[in-house]
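# Analysis of the macromolecular model
The chain contents come next:
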Amino acid sequence: MLFVTRYSVTGDRSKERVAELMAVFGERGEIPGTVAHYTALDGRGGFVIIETDAPETLYDATLAYQPWLEMETVPIMKVEDAVPAIIASLE
């Protein structure tokens, strides 16, 4: 299953705090199943697209990054996979 996580940096953005966050990211690496990881151009956060059948790995990451990030994870699907259900709903 595909998920997209939008994350936003919380609290102050001091060099020390950002260094702590980056140290945790350096230790943990990408979430298993990461397909893409993008940063928002406003510098406030980013987006991670993950493919996994183990959503507990997403929850684990949420808990690990809570001191620095607010995270929202939503299941997603490709539009072409959704079209048959959309068409059926119109009948």
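Check the entry above for the structure.
Residues numbered from 1 in each chain as written. Predicted model: local features only at pLDDT ≥ 70, side-chain atom pairs only at ≥ 80, totals over all residues. Heavy atoms only, no water.

## A look at the pattern of salt bridges
Here is the rule we go by: Salt bridges are identified by distance alone: a Lys or Arg side-chain nitrogen within 4 Å of an Asp or Glu carboxyl oxygen.
What the rule picks out here adds up to 2 salt bridges. Asp42 is paired through a salt bridge with Arg44; the nearest N and O atoms lie 4.0 Å apart.

## Things to note about the packing of helix α1 (residues 15–28) against helix α2 (residues 56–65)
Short version of the rule: Only the stretch in contact is used when fitting a helix axis, every axis being a line fitted to C-alpha atoms; angles between N-to-C directions are given from 0 to 180 degrees. The way it works is that DSSP assigns letters per residue, a run of H or I at least four long becomes a helix, a run of E at least two long becomes a strand, and they are numbered from the N terminus. An angle counts as roughly parallel when it lies under 35 degrees, as roughly antiparallel when it exceeds 145, as roughly perpendicular when it falls between 65 and 115, and as oblique in every other case. Two helices that cross are described as forming a left-handed crossing if the nearer one is turned anticlockwise from the farther one by less than a right angle, and a right-handed crossing if clockwise. Whether two residues are in contact is decided by their heavy atoms: any pair within 4.5 Å suffices. Classes in brief: Ala, Val, Leu, Ile, Met, Phe, Trp, Tyr, Cys and Pro nonpolar; Asp, Glu, Lys and Arg charged; the others, Gly included, polar.
Relative orientation of the contacting elements α1 and α2 amounts to 150 degrees, with a least axis distance of 11 Å. By the angle between their axes, α1 is roughly antiparallel relative to α2. The hand of the α1/α2 crossing is right-handed. Facing Leu21, Val24, Phe25 and Arg28 of α1, the residues of α2 in contact are Asp60, Ala61, Ala64 and Tyr65. Considering only residue class, the contact of α1 with α2 consists of 6 nonpolar, no polar and 2 charged.

## Let's talk about a nonpolar patch on the surface
Counted only if it meets this: The patches reported here contain residues having more than 30% relative accessible area and no salt bridge. Joining distances are 9 Å for like charges and 5 Å for nonpolar side chains (Val, Leu, Ile, Met, Phe, Trp, Tyr). Surface accessibility in these figures is a Shrake-Rupley result with a 1.4 Å probe; residues are shielded only by whichever protein chains are displayed.
Taken together, Val79, Val83, Ile86, Ile87 and Leu90 make up a surface patch of nonpolar side chains, about 480 Å² in accessible area. Here Leu90 lies in helix α3 (residues 79–90).

## Points about the nonpolar core
Applied cut-off: What is meant by a nonpolar core is a set of buried Ala, Val, Leu, Ile, Met, Phe, Trp, Tyr and Cys residues, joined one to another through side-chain atoms within 4.5 Å. Per-residue accessibility, obtained with a 1.4 Å probe over protein chains only, is compared with the maximum for each type, and a residue is labelled buried under 20%, exposed over 50%, and partly exposed between these values.
In this structure, Phe3, Tyr7, Leu21, Val24, Ile31, Val48, Ile50, Leu58, Ala61, Tyr65, Trp68 and Leu69 together form the largest nonpolar core, which totals 12 residues. Where this core is concerned, the elements lending two or more residues are β1 (2–9), α1, β3 (45–51) and α2. Take this core: its biggest share by element is 3 residues, from α2. In contact with Tyr7, not counting residues within four places along its chain, are His37, Tyr38, Arg44, Gly45, Gly46, Phe47, Val48, Leu69, Glu70 and Met71.

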